[in-house]
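Topology and contacts: notes
In case you want the letters, here they are:
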Amino acid sequence: KPAKQRQRVPVVPQGIERDAFIAALEELGGQLGKENVEVNDKPLVDGWYMEHPNTHDMMTILDEEEFVASAVVYPSTTEEVQSIVQWANKHKIPIFPISMGRNLGYGGAAPRVRGSVVIDLGRRMNRILDINPEDYTCLVEPGVSYYGLYEAIKERGYDHLWIDVPDLGGGSVIGNAVDRGVGYTPYGDHWACHSGLEVVLPTGEVIRTGMGALPGNNTWQTFPYGFGPFSDGIFSQSNYGIVTKMGMTLMPNPGGYEGFMYTFPKEEDLAPLIDIIRPLRISMILENVAQLRHVTQSVAARGIPRSKFYSGSGPIPMDIVHKAAAEQPVGDHSWGYYGMCYGPEHIRKHKLAIIDAEFKKIPGARKIDPKSLPEDEYYFARERVAAGIPDIHELRWVNWTPNGAHIAFSPVSPIRGTDATALNDLGRRIHDKYGIDFFPAFIVGLREMHLIVEIVFDRDDPERKKAALDCLRDLVEEAAKLGYGEYRTHLVLMDQVAGTYNWNDSALMKFNEKLKDALDPNGILAPGRCGIWPKRYRNRGWEM
Ligand code: FAD
């Protein structure tokens, strides 16, 4: 998408005059080097996934100027991160750390408070500090992407080590984990698989968590807990610290793998299918974080725009979707299960036989023969991702609309047919109300599933953006009434989602606020992230 040449008045953080702000940035430039402090005074360029901006959300649902940085700074060491934090406290300037800023669908690189100074950790702090081939662990800085880690492991000839990747491999291993993102091997719960953090606190001190607190230890990446309270949790989906190093466990190469796909013909197959999946998943016969996708998104995943199938308004009619699916290599269906079986062939065949017998209990279930599919079929991207190989094929469904952008509704539930149906029906009803195509995908973890519903919209069409946001707000509210909450959300919805976790007179948020005020008395670090506002901002009109 070409750069927008819109005239803009560069933003400064609220509460500081422009001249004082520029002087403060010069002072910071003296510490980091002038070239590592950039004022955001140029046109906002959206770029694309691999050349994404670090000044704003390239897939913004609001006006681009709403969540926008006043400046971006590039530290190269933990000590420099400490200096930035001390500087922010001195001038009471809000700062917002990103690792790589590819948090697309959840806010990209944008800060929650307009005019914050974005700390782009990834540009210069991008070293792989350790890959341990005996312990199957690594220690990384924020700028290490899945691609980077994967290639480093290959270069060192460690074929016995695998990584886990989300759908897109250009993100940061740290950034994804601290936002509690997911991938698709048995190590798909990234936060659960990390071990050890180094964190700069909002007042500038540095801590190492778990075994990292014991000088000279050699277990920082193998035993996450150490001794005493397990503090790591407060540094994920929060604004209590800046993570400068993180340990991650690596999966052993399972000695072989085989992707598989089943399709199911009817919408109503969802509930019985989920009930079949649950015991298989909990007992690890279905070994990976697999996806059960609706046919509409599978049609879109071929990268063909919606307009080639339908030019009317309102959601694309299902008979058109089925006709399109029937003409595609996988063929017509309502739900598609993309799974992976690990291990040598003699082990795989037993697990695959159980899966086949169970899935075929659904009338009309079909196992797709991968040999019947063309090389660029979406199925193979799923197979690569489930084998820990970074990929970007998943971006294709974002082309469903012109100037495609997306934003996610991501509630969690147990792996039960009744829950799947309740959420699916709710999603369909509210999408229909706003005339939006419905893309549900159930991502099945060990005891729960994330329903990821991606709303794809034209980022240059204010009406469709408004419809998408209204639809999301309705979804969050209606889901909460049924007892469902989101596992993660976009900046614009953080207050609303946090507000649904309100048991016992919002006791949890009161606790979060107490922590925030104790750790960040000047309220400089990522104010408002995940609905946590420091005292200086709280109840002063920042919530949305
Ligand atoms: P960042 O943008 O750097 O970080 C995310 C947020 O975490 C930041 O905004 C910041 O608030 C906080 N943060 C980051 N680093 C630090 C730090 N060092 N200290 C303190 N706070 C920090 N996501 C998934 O999880 N799984 C998927 O399968 C997936 N599929 C996607 C498919 C598509 C088509 C698209 C467009 C997106 C998808 N995403 C998915 C969302 C997103 O792309 C990834 O989660 C991505 O890894 C997040 O971006 P990042 O790693 O660059 O993190």
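Preceding block: the structure.
1. Side note on the overall build of the protein chain
The number of helices and strands found in the protein chain is 13 helices and 19 strands. Over its C-alpha trace the protein chain gives a radius of gyration of 23 Å, about what one expects of a compact globule, namely 24 Å for 544 residues. Each of the three principal axes of the protein chain carries a C-alpha extent, and together these read 70 × 55 × 50 Å. When burial is assessed residue by residue, the protein chain has 59% of its 544 residues classed as buried. Of all intrachain contacts in the protein chain linking residues separated by at least 6 positions in sequence, the fraction that spans at least 24 positions is 74%. Per element, the accessible surface of the protein chain, about 21700 Å² overall, is 53% carbon and sulfur. The centroid of the 59 positive side-chain charges in the protein chain is displaced by 1 Å from the centroid of its 71 negative side-chain charges.

2. Examining unusual backbone geometry
Of note, the phi angle at Arg-180 is positive, near 55°, even though the residue is not glycine. Inspection of the secondary structure puts Arg-180 in the loop between α4 (173–178) and β8 (194–200).

3. Some thoughts on the packing of aromatic side chains
A full pass over the atoms with the stated rule returns 18 aromatic pairs. Between Phe-264 and Phe-359, the aromatic rings sit 5.7 Å apart at their centres with planes inclined by 80°, giving edge-to-face as the arrangement. In this pair, Phe-264 is assigned in strand β12 (residues 257–264) and Phe-359 in helix α8 (residues 345–359), connecting sequence segments 95 residues apart. Overall, Phe-359 belongs to the buried group, its relative accessible area being 0%. Between Trp-335 and Phe-442, the ring centres sit 6.0 Å apart and the planes meet at 55°, which makes this aromatic pair tilted.

4. Details of the sheet that holds strand β4 (residues 117–120)
Strand pairing in a sheet relies on backbone hydrogen bonds. The paired strands run either parallel or antiparallel. Read from one edge of the open sheet, four strands run β1-β2-β4-β3, paired in mixed fashion. Looking along the sheet, the strands with just one partner apiece sit at the ends: β1 (37–39) and β3 (95–98). Between one strand axis and the next, the sheet turns by 20° as a mean value, whatever way the strands run. In the sheet, strand β2 (residues 71–73) pairs with β4 via three bridges, with the strands oriented parallel. The residue of β4 that forms the bridge with Ala-71 is Val-117. Together, β1, β2 and β4 form the strand contacts of helix α1 (residues 18–32), whose direction differs from that of β1 by roughly 155°.

5. Digging into the sheet that holds β8
The antiparallel open sheet is built from five strands, whose spatial order is β5-β6-β10-β8-β9. In this open sheet, the two strands that pair with only one neighbour each are β5 (128–132) and β9 (206–208). Ignoring which end each strand starts from, the neighbouring axes of this sheet average 10° apart. Here β8 pairs with strand β10 (residues 242–249) via five bridges, running antiparallel. Pairing of Glu-198 across the sheet is with Lys-245, part of β10. Of the strands in this sheet, β5 and β6 (137–140) are in contact with helix α3 (residues 146–155), which crosses β5 at around 50°.

6. With respect to the layout of surface pockets
In this structure, the largest pocket spans a volume of roughly 520 Å³. Class assignment of the residues belonging to the lining of the largest pocket gives a composition of 13 nonpolar, six polar and four charged.

7. Side note on the environment of Val-85
Inspection of the secondary structure assignment puts Val-85 in helix α2 (residues 78–91). On the basis of relative accessibility, which here comes to 1%, the residue Val-85 falls in the buried class.

8. Overview of the side chain of Ser-116
With respect to the helices and strands, the residue Ser-116 is situated in the loop between β3 and β4. A distance of 2.7 Å separates the side chain of Ser-116 from the backbone oxygen of Val-113, its partner in a polar contact.

9. Notes on the site of the ligand
Near the ligand lie 31 residues; those nearest to it are Ser-99, Met-100, Ser-172, Tyr-184 and Arg-488. Interatomic distance of 2.7 Å between a side-chain N/O atom of Arg-488 and an oxygen atom of the ligand. Compared with its free state, where it exposes 960 Å², the ligand has 96% of that area covered by protein. Contributing elements (two or more residues each) for the shell around the ligand: β3, α4 and β10.

Definitions and limits used
Residues numbered from 1 in each chain as written. Predicted model: local features only at pLDDT ≥ 70, side-chain atom pairs only at ≥ 80, totals over all residues. Heavy atoms only, no water. Helix = DSSP H or I, 4+ residues; strand = E, 2+ residues; numbered from the N terminus. Rg over C-alpha atoms; globule rule 2.2 N^0.38 Å. Buried < 20%, exposed > 50% of the residue type's maximum accessible area, 1.4 Å probe, protein only. Contact = heavy atoms within 4.5 Å. Areas by Shrake-Rupley, 256 points an atom, 1.4 Å probe, with all protein chains shown as cover. Lys, Arg positive; Asp, Glu negative; His and termini not counted. Charge placed at Lys NZ, Arg CZ, Asp CG, Glu CD. Phe/Tyr/Trp six-rings, centres within 6.5 Å; stacked < 30°, edge-to-face > 60°. Pairing = 2+ DSSP bridges. Axes fitted to C-alpha atoms, helices over the stretch in contact; angles between N-to-C directions. 1 Å grid on protein atoms, 1.4 Å probe; cavity = no way out; pocket = protein on both sides within 12 Å on 5 of 7 lines; lining within 4 Å. Points joined across faces, edges and corners; volume = space filled by probe spheres on them. Nonpolar A, V, L, I, M, F, W, Y, C, P; charged D, E, K, R; others polar. Polar contact = N/O pair within 3.5 Å; in protein donor to acceptor, adjacent residues only side chain to side chain. Near = heavy atom within 4 Å.

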